[in-house]
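# What the coordinates show
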Amino acid sequence: GENVEQHPSTLSVQEGDSAVIKCTYSDSASNYFPWYKQELGKGPQLIIDIRSNVGEKKDQRIAVTLNKTAKHFSLHITETQPEDSAVYFCAALGGGFKTIFGAGTRLFVKA
Amino acid sequence: NAGVMQNPRHLVRRRGQEARLRCSPMKGHSHVYWYRQLPEEGLKFMVYLQKENIIDESGMPKERFSAEFPKEGPSILRIQQVVRGDSAAYFCASSPQAENTEAFFGQGTRLTVV
């Protein structure tokens, strides 16, 4: 069935450094790839997304890249801040109408 | 425009009781999804509903679990005869259409079975 692999499971960076989270997906029909940020005790919040007709998208300190041939997509956070500390989930949505999530990356930004 | 509303936020049930979780989607959204999240884990798809229809329930256990999204009122996730392993956070998400669009999540219901 559909599967999304996410790495690393935990990431610790110094404030101001960049953080990169990588995901791979199995369903070649997937055409929409959102990224969610989940803070403790809260629901996931959409932070950025990318569609299959685009290779890269940027929103201030956050960027996503997509390689459809390799079925890879990545989240890049530059100039990290302590408030970026959270769990980040990648996801893929294809023809099955259900969003498949990665297992999550716990990001720690040390001040 | 209020976001996705879930209630209750916390629910404690004894083994064997029933749990009812409610989800009111965002205004104008007719697609609802339920996910389960175990501690320190990701979100697992359970069921996808449109008004009065279950579209995909492939992630929902065949026994004890049911979901509905009536014409009027919130979507309900119902767990009968709860067991300790049902303890988890249950999240609802809604979207205005099914394909190629973002889903917005509620704050979740944390179910604890004692």
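The preceding data block contains the structure.
Just so it is clear, the model here is predicted, and its values are computed rather than measured.

Scoring rules and cut-offs
- Residues numbered from 1 in each chain as written.
- Chains lettered and ligands numbered in written order.
- Predicted model: local features only at pLDDT ≥ 70, side-chain atom pairs only at ≥ 80, totals over all residues.
- Heavy atoms only, no water.
- Phe/Tyr/Trp six-rings, centres within 6.5 Å; stacked < 30°, edge-to-face > 60°.
- Helix = DSSP H or I, 4+ residues; strand = E, 2+ residues; numbered from the N terminus.
- Buried < 20%, exposed > 50% of the residue type's maximum accessible area, 1.4 Å probe, protein only.
- Pairing = 2+ DSSP bridges.
- Axes fitted to C-alpha atoms, helices over the stretch in contact; angles between N-to-C directions.

The geometry of an aromatic ring pair comes down to the distance between the two centres and the angle between the two planes. Evaluation of the coordinates by the stated rule reveals 12 aromatic pairs over all chains. With a centroid separation of 5.6 Å and 65 degrees between ring planes, the pair formed by Trp35 of chain A and Phe73 of chain A is classed as edge-to-face. Note that Trp35 of chain A is positioned in strand E4 (residues 32-38) and Phe73 of chain A in strand E8 (residues 72-77), a separation of 38 residues in sequence. Taking the relative accessible area as the measure of exposure, Trp35 of chain A reaches 0% and is therefore buried. Overall, Phe73 of chain A belongs to the buried group, its relative accessible area being 1%. Between Tyr35 of chain B and Phe45 of chain B the ring centres are 5.9 Å apart and the planes differ by 75 degrees, which places this aromatic pair in the edge-to-face class. Highlighted residues: Tyr35 of chain B in strand E4 (residues 31-37) and Phe45 of chain B in strand E5 (residues 43-50), separated in sequence by 10 residues.

Now for the sheet that holds strand E6 (residues 56-59) of chain A. Residues and elements named next belong to chain A. An order of E1-E3-E8-E7-E6 is seen for the 5 strands of this open sheet, with the pairing classed as antiparallel. Across the chains shown, the open sheet's two edge strands, defined by having one partner strand only, are strand E1 (4-7) and E6. Each strand of the sheet is rotated relative to its neighbour by a mean of 15 degrees, with strand direction disregarded. Pairing between E1 and strand E3 (residues 19-25): 4 bridges, direction antiparallel. For His7, the partnering residue across the bridge sits in E3 and is Lys22.

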